[in-house]
Amino acid sequence: MRLASCAVALVIIASLAGCKSEEGKAFVGNWIEDSNSKTPAKITISEDKSGDNHLFAVKITDLIWDKETGIHYNTKKIKAMANKEHFLSAYNGDNFIIFDDRLIYNGDRYKRVE
C-alpha cells in the first residue's frame, strides 16, 4: 500500500513539474500593422525566459516625425506579462489584445507575418 501511495505521489509531482503556462503563447511572433501605410509599424513579441515570472519581451518599431530630427524609425522595448490567454499587460501601461487572429495595440490592428 505504501509503495502504491509513493508511486501515485511521484506521478503527480512529475506531471506538475512538466507544466508550463500557455498564457500569452498566441502573442509570440512578428506582427505588422494592418493598414495601407507604406511604412507600417512592426511589433515583435518573444518569451523572456529570465527570472521566475513568465514575461514577454515586446519590441515596437514605427516611423515617427520629430520637429528636431525629422522622420526616423523609433524602437520601443518593453516587458509584458500575460494576464489571460488573449491579453498582455505591459509594465508601462500598454495593453495588447488578440481578437479574430489580429493583435490590437493602441487602437491599431496588426496581422501576423512569418
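Shown above is the structure to which this text applies.
Here is a short report on the structure shown in this document.

Reading the values: rules and limits
- Each chain has its residues counted from 1, following the order in which its sequence is written.
- Given that the model is predicted, a residue must reach a pLDDT of at least 70 before its local features are reported, and side-chain atom pairs must reach 80 or more before they are shown or counted; all residues, however, enter totals for whole chains, interfaces and linings.
- Excluded from the side-chain calculations are hydrogens and water; all other atoms, namely the structure's heavy atoms, are used.
- Ring pairs shown here join Phe, Tyr and Trp side chains whose ring centres sit within 6.5 Å, with only the six-membered ring taken for Trp; geometry is labelled stacked below 30 degrees between planes, edge-to-face above 60, and tilted in between.
- Working definition: with a 1.4 Å probe on protein chains only, accessible area under 20% of the residue-type maximum means buried, over 50% means exposed, and in between means partly exposed.
- Here a salt bridge means any side-chain nitrogen of Lys or Arg lying within 4 Å of a carboxyl oxygen belonging to Asp or Glu.
- The way it works is that DSSP assigns letters per residue, a run of H or I at least four long becomes a helix, a run of E at least two long becomes a strand, and they are numbered from the N terminus.
- Only buried Ala, Val, Leu, Ile, Met, Phe, Trp, Tyr and Cys residues count toward a nonpolar core, and they belong to the same one when joined by side-chain atoms within 4.5 Å.
- When checking whether two residues touch, look at their non-hydrogen atoms; a contact exists if any pair is within 4.5 Å.
- Paired strands, as defined in this entry, are two strands with at least two bridges between them according to DSSP.
- Interaxial angle, 0 to 180 degrees, is taken between N-to-C directions of lines fitted to C-alpha atoms, where a helix line uses only the stretch in contact.

Looking at the packing of aromatic side chains
1) Next: Scanning all chains against the criterion turns up one aromatic pair.
2) Next: Each ring, one from Phe96 and one from Tyr105, has its centre 4.7 Å from the other, and the planes form 5°; the classification is stacked. This pair shows no difference in class: Phe96 is buried, exactly as Tyr105 is.

Some remarks on the pattern of salt bridges
1) Next: All chains considered together, the criterion is met by four salt bridges.
2) Next: Asp94 is the salt-bridge partner of Lys76, the closest N and O atoms lying 3.2 Å from each other. In this pair, Lys76 is assigned in strand S4 (residues 70-84) and Asp94 in the loop between strand S5 (87-90) and strand S6 (95-99), connecting sequence segments 18 residues apart.
3) Next: Given the relative accessible area of 31%, Lys76 is considered partly exposed.

Quick notes on the nonpolar core
1) Next: Counting residues in hydrophobic clusters, the biggest one holds 18 residues, and the most contacted among them are Ile43, Ile45, Val58, Leu88, Phe96 and Leu103.
2) Next: Once you skip the residues sitting within four places of it in the chain, Val58 turns out to touch Ile43, Thr44, Ile45, Lys76, Lys77, Ile78, Ala80 and Phe96.

Comments concerning the sheet that holds S5
1) Next: In spatial order, the strands read S1-S2-S3-S4-S5-S6-S7-S8; together these eight strands close into a barrel with antiparallel pairing. Taken over all neighbouring pairs, the strand axes of this sheet differ in orientation by 30° on average, direction set aside.
2) Next: Note that S5 and S6 share three bridges and pair antiparallel. The residue bridging Phe87 from the neighbouring strand is Ile97, located in S6.

Focus: the pairing of strand S8 (residues 108-113)
1) Next: Summarising the sheet, strand S1 (residues 29-33) and S8 pair through four bridges and their orientation is antiparallel. When the bridges of S8 are listed, Ile32 appears paired with Lys111.
2) Next: With three bridges connecting them, strand S7 (residues 102-105) and S8 associate as antiparallel partners. The residue bridging Tyr105 from the neighbouring strand is Asp108, located in S8.
3) Next: The hairpin turn running from S7 into S8, its antiparallel successor, is two residues long, and Asn106 in that turn takes a positive phi close to 55°.

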